[in-house]
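Survey of secondary and tertiary structure
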Amino acid sequence: MSEESIIQTKDVTVSFGDFQALKGINVDIKQGEIIVVLGPSGSGKSTFIRTLNRLQPHDGGEIVVDGIQINEDTTVSDLKQLRSDIGFVFQQFNLFPHITVLENIALAPQKVRGMSKEEAEEVAMKLLERVGIPEQKNKYPAALSGGQQQRVAIARALAMDPKIMLFDEPTSALDPEMIKEVLDVMIDLAKRDITMIVVTHEMGFAKEVGDRIMFFDEGHLVEESTPDVFFDNPKEDRSKLFLEQIL
Amino acid sequence: MSFNFFLLIFILFVLLPDLLNRYHITVRAVQVSCPNIREILNLLYGKLPRYTYSAELAFIISLLLTYFAVKSELSFASYLPLVTFGYIAHLNSKELFDTPSNSFITILSFFILYSFFVKALEFVFIESNWDVVFKNRRFIFLGPYFINPYTGDEIWRFWPPFYVFLVIFCAGYGTLSESKVKFLLPYSIFCLALIFLIGYDSDYYSYKNGMKISNRNYEATESLFLLAGALILGLISYLLMHQRCKILEEFQVNYIQQVLILSSFLSFIGMLFLLDPPGDEGVKPSYWGGFVLNLIFAFGSLVIGFGIGIALAFGRRSSLPVFYVPSVAIIELFRSGPLVAWLFFAQFLVPDLFNPVWEADIASRIIFVFALFFGCYLAEILRGGLQTVPHGQFEAATALGLSPTQIKLRIQLPQAIRTTLPAIVGQMIAMLKDTSLVYFFGVYDAFKATKDIPSQRDFLAEYEEPLVFVAFLFWAVAYYLSRLTTKIEKNLGLDNEGGAGRT
């Protein structure tokens with residue numbers, strides 16, 4: 001793991017009207033780190049990772065991702081470049097329903113990276129094999145199970161060969177039986193040198209693969225520590241309360 | 001007359017006592033003499049075998065019997081539909097006669113349907129002289145200028161497009177995974193109708209001199225060979241495509257369908273070039289005519305209107321006033337005026353406004369107005385469709401780094417079209433019917449032809465038949481379009497998501 005920072009934020013704030021979702025977040029994420037973001041609902045963890053590729057514009061503070069300062073002045077081409085380097089996996093999969101699985105994965109490499117169709121489909125096919133569903137390549141997303149859809153969504157994000165992967169509760173919309181197949185893919189991914197930020201409620205996953213846990217509550221970054229420390233003797237009272245309630 | 005009389009007796013002596021019986025109202029005389037309606041039906045039909053029959057079959061049988069009754073003018077014949085009706089009622093007696101009000105509705109609706117069919121059949125088979133339509137068939141379909149004996153026969157210009165379109169359509173049907181019967185049955189009806197229309201030697205009438213022209217310059221055999229070739233080619237393309245699509249995967253079939261749609265657009269443009277090639281050859285657009293002209297106008301406006309509609313829909317959703325304001329202005333301006341007003345605008349004002357720049361003939365001006373009008377309605381339909389595309393789709397595409405234009409065209413638009421397909425086809429049908437308005441502007445569409453036919457020497461004042469025939473043509477195309485959409489929706493799997501299903 002290199003010691004180079006890939007994501008740095010300083011006093012990031014986000015408000016929705018009167019409600020302040022993020023109240024000054026400072027993080028420093030190194031390249032190749034795997035960060036697990038925990039916290040109760042409404043604590044701002046999803047909002048936080050959405051600010052990192054500007055799906056959610058922030059009101060104050062600074063965000064620097066991969067050397068690019070993200071704010072209103074970021075040029076469109078910089079933002080596009082940045083977004084193509086950040087994979088994002090959604091809770092609701094958000095696959096494109098009108099094209100096949102293979103086309104879903106191969107679309108962005110063609111349109112953004114300028115790959116040829118054959119090249120892009122070759123990449124897509126490799127990724128489908130990696131997530132374990134090469135036989136589903138010509139089906140439409142509606143014909144797949146939730147777990148399979150989420151694996152396709154991960155493959156779609158990986159097709160852009162991103163430096164950073166953001167996961168926004170990737171298993172929360174799945175049946176319990178399907179959670180494992182998605183987590184397996186993510187664990188496999190964690191072994192490679194890729195920066196991952198995972199918002200999740202899967203404590204087992206957090207313990208197993210997380211390099212660092214970030215615990216959010218009410219828009220604050222309450223605690224930041226290694227999984228061992230966080231789960232065995234958390235520093236903050238709020239973290240203790242949270243762990244008592246879920247374990 | 002006899003039927004009405006019979007119905008009166010039926011109501012007075014069968015239905016009424018039956019109702020009274022049910023409500024235990026003692027009217028001694030009728031109660032004793034009249035049995036229950038079910039008993040009567042049972043008595044009459046009880047020994048007949050109870051075939052399973054479909055509603056369509058029963059309908060056709062009743063129609064045939066009604067036709068026979070009308071045609072034969074025999075008094076007993078008019079009882080035959082009634083007898084059939086009684087038999088069907090007997091089979092269905094659980095639903096048709098279970099309560100007094102249902103009995104009443106059954107009888108009433110039968111009476112209404114029967115009177116309507118009698119009148120309709122009388123008109124179609126007895127009062128009308130379809131000769132006027134039949135002898136003017138090329139006039140109605142193609143207008144006067146393609147068959148003018150003095151300028152030469154330009155009808156051949158329709159054959160190549162006919163071949164291409166037929167092959168494309170049949171191939172398109174092949175891609176729909178349906179049983180062969182569902183295609184072959186309508187197709188054979190279509191073939192027979194065409195063979196009848198084209199192959200039958202007949203005099204026809206020149207609109208200019210109002211005189212009869214013998215069939216000397218009409219080679220039925222040649223046309224028949226051409227037609228047979230086209231029909232067989234269509235059948236082959238259907239069978240090949242059907243065979244092929246069975247083994248292909250869904251996405252490959254969708255790809256083929258997209259190619260077919262594109263090629264139909266291209267061959268439409270090719271057809272326009274063939275009809276009016278650059279230079280003095282061919283027939284100028286203002287001289288096109290007949291029902292084909294309606295179709296060309298509709299298709300042309302459809303193609304152009306789609307582009308306009310998509311641009312306006314996205315323009316209206318844009319947050320930039322540069323796009324937003326003109327889009328809203330155009331949509332509101334064109335939707336608020338009647339189409340006729342805009343057509344007059346195209347005829348009288350547009351030449352003055354654009355004359356130095358664009359000297360378009362009336363046909364292209366009219367197509368442009370239709371396209372703009374269609375585009376405005378389409379824009380509003382598509383805007384509705386775009387609003388139903390989940391925001392997550394936009395976010396996912398943005399997160400992948402796609403540009404706003406790519407997101408609009410590749411992600412949002414296809415999904416919006418999928419969900420609004422029924423409304424779009426509704427608008428297309430409306431536009432097809434609106435093309436009959438060009439009749440006001442000296443363009444020789446099918447309705448203009450029907451207006452001129454009654455002035456021919458042999459068919460003076462025969463107004464009704466051509467009008468009915470042209471109305472039927474419009475109905476047939478509109479109905480076909482709506483059936484086709486249902487098929488496409490099924491094919492897209494939309495009916496599982498709450499789409500068309502049965503209509």
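Residues numbered from 1 in each chain as written. Chains lettered and ligands numbered in written order. Predicted model: local features only at pLDDT ≥ 70, side-chain atom pairs only at ≥ 80, totals over all residues. Heavy atoms only, no water.

1. Some points on the nonpolar core
- Among the nonpolar cores identified, the biggest contains 74 residues, and Phe146, Phe297, Leu343 and Ile366 of chain B are the most heavily contacted of them.
- Sort the elements by how many residues they give to this core and helix 17 (residues 362-388) of chain B lands first, with 16 residues.
- Residues from two domains meet in this core; each of domain 2 (152-278) and domain 3 (283-503) of chain B gives at least three.
- Counting residues in each nonpolar core, the second largest holds 42 residues, with Val12, Ile68 and Met160 of chain A together with Ile411 of chain B among its members. (Core = buried A, V, L, I, M, F, W, Y, C linked by side-chain atoms within 4.5 Å. Buried < 20%, exposed > 50% of the residue type's maximum accessible area, 1.4 Å probe, protein only. Helix = DSSP H or I, 4+ residues; strand = E, 2+ residues; numbered from the N terminus. Domains from an automatic or database assignment.)

2. Some words on the pattern of salt bridges
- A full pass over the atoms with the stated rule returns 22 salt bridges over all chains.
- Between Glu169 of chain A and Lys45 of chain A there is a salt bridge, with its nearest N and O atoms 3.8 Å apart. Linking Glu169 of chain A in the loop between strand 7 (164-168) and helix 6 (176-190) with Lys45 of chain A in helix 1 (residues 45-52), this pair joins segments that are 124 residues apart in sequence. Across this residue pair, the class does not change: Glu169 of chain A and Lys45 of chain A are buried.
- For Glu332 of chain B, the salt bridge is made with Arg316 of chain B, and the minimal N-O distance between the two is 3.4 Å. Here Glu332 of chain B is found in helix 15 (residues 321-336), whereas its partner Arg316 of chain B is found in helix 14 (residues 290-317), with 16 residues between them in sequence.
- Take Glu332 of chain B: its relative accessible area is 31%, and that puts it in the partly exposed class.
- For Arg316 of chain B, a relative accessible area of 15% corresponds to the buried category.
- The structure contains a network of salt bridges with shared partners spanning Arg316, Glu332, Arg335, Glu380 and Arg383 of chain B. (Salt bridge = Lys/Arg side-chain N within 4 Å of Asp/Glu carboxyl O.)

3. What to know about the packing of helix 14 of chain B against helix 19 (residues 404-434) of chain B
Residue and element names in this part refer to chain B.
- Following both chains from N to C, one finds helix 14 and helix 19 inclined at 135 degrees, their axes separated by 11 Å at the closest point. With respect to each other, helix 14 and helix 19 are oriented oblique. Between helix 14 and helix 19 lies a crossing whose hand is right-handed. Counted together, Asn294, Leu295, Ala298, Ser301, Leu302, Phe306, Ile310, Phe314 and Arg317 of helix 14 and Lys408, Gln412, Leu413, Ile417, Ile424, Met428, Met431 and Leu432 of helix 19 form the full contact between these two elements.
- Residue composition of the contact of helix 14 with helix 19, by class: 12 nonpolar, three polar and two charged. (Axes fitted to C-alpha atoms, helices over the stretch in contact; angles between N-to-C directions. Parallel < 35°, antiparallel > 145°, perpendicular 65-115°, else oblique. Left-handed = near helix turned anticlockwise from the far one by under 90°. Contact = heavy atoms within 4.5 Å. Nonpolar A, V, L, I, M, F, W, Y, C, P; charged D, E, K, R; others polar.)

4. Considerations on the sheet that holds strand 2 (residues 19-30) of chain A
Residues and elements named next belong to chain A.
- Pairing in this open sheet of four strands is antiparallel, and the strands run 2-1-4-5 from one edge to the other. Edge positions in the sheet fall to strand 2 and strand 5 (68-70), since each has one partner strand and no second. Direction aside, the axes of adjacent strands within the sheet are offset by 20 degrees on average.
- Inspection of the sheet shows strand 1 (residues 5-16) paired to strand 2 by nine bridges, in the antiparallel sense. By the bridge assignment, Ser15 is partnered in strand 2 with Gln20. (Pairing = 2+ DSSP bridges.)

Just distances and angles here, no functional claims.
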